[in-house]
Amino acid sequence: MPSTLELDDEELRHDLEDLPAAYLVRDPLFQTRVCLPSKWQIKGFIEAIDVVRATSERLYRVRYHDGHLQHFTAAEIKAMQEAMG
């Protein structure tokens, strides 16, 4: 299972900023559907992209159907998409 970053991490929330809308809509991963590889097949979609201030790394904010939020890197999202087929 990929390492993930939980949104309830107080330190992480203060180190992130929203990706500007002009860049957001051009990102090919924005609003794609994802499915966590597990026996429950937890489904969600990328609702936003945040940027780590210190590194400019993009973190993809996934909202699951149960309302839970979680961040993933682009590599983690692509791995999930490959696993989905």
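Above this text is the structure in question.
The structure presented is a predicted model; accordingly, all values stated were derived computationally and were not measured. (Residues numbered from 1 in each chain as written. Predicted model: local features only at pLDDT ≥ 70, side-chain atom pairs only at ≥ 80, totals over all residues. Heavy atoms only, no water.)

Trainee: Please explain unusual backbone geometry as it appears in this structure.
Mentor: Trans is the common state for peptide bonds, and a negative phi is the common state for residues other than glycine. Despite not being glycine, Gln31 has its phi angle at roughly 65°, a positive value. Structurally, Gln31 is set in the loop between α2 (21-24) and β3 (33-36). Using a relative accessible area of 55% as the deciding quantity, one classes Gln31 as exposed. (Helix = DSSP H or I, 4+ residues; strand = E, 2+ residues; numbered from the N terminus. Buried < 20%, exposed > 50% of the residue type's maximum accessible area, 1.4 Å probe, protein only.)

Trainee: Just to check I follow, could you spell out helix α3 (residues 74-84) for this structure?
Mentor: One turn of an α-helix holds 3.6 residues; hence residues three or four places apart share an orientation. Those residues of α3 that fall on the buried side of the exposure criterion are Glu76, Ile77 and Met80. Buried residues of α3, seen end-on, are gathered within an arc of 100° and therefore sit on one face of the element. In this structure, α3 carries Ala75 and Glu82 as exposed residues pointing more than 90 degrees from its buried face. Each element contacted by the buried residues of α3 is listed here: β3, β4 (42-52), β5 (58-64) and β6 (69-72). With its phi angle positive at about 95°, Gly85 sits one or two positions after the end of α3. (Arc of directions from axis to C-beta. Contact = heavy atoms within 4.5 Å.)

Trainee: I'm lost on the pairing of β5 in this one. Help?
Mentor: The side chains of a regular strand alternate between both faces of the sheet. Most of β5 is tucked away, with 5 of its 7 residues classed as buried. The pairing of β4 with β5 spans 7 bridges and is antiparallel. Bridge pairing in β5 links Asp50 to Leu59. The turn linking β4 back onto β5 is made up of 5 residues, and Ser56 within it adopts a positive phi angle of 65°. Two strands pair when backbone bridges link them, and β5 and β6 are joined in this way by 4 bridges, in the antiparallel orientation. When the sheet's bridge partners are listed, Arg63 is paired in β6 with Leu69. (Pairing = 2+ DSSP bridges.)

Trainee: What's the story with the side chain of Glu76 in this structure? I'm lost.
Mentor: When you line up the elements, Glu76 lands in helix α3. Summary of buried charges: Glu76 has no salt-bridge partner, and the nearest side chain of opposite charge, Lys78, is 12 Å away. Of the polar contacts made by the side chain of Glu76, one reaches the backbone nitrogen of Thr73; its length is 2.8 Å. (Lys, Arg positive; Asp, Glu negative; His and termini not counted. Salt bridge = Lys/Arg side-chain N within 4 Å of Asp/Glu carboxyl O. Polar contact = N/O pair within 3.5 Å; in protein donor to acceptor, adjacent residues only side chain to side chain.)

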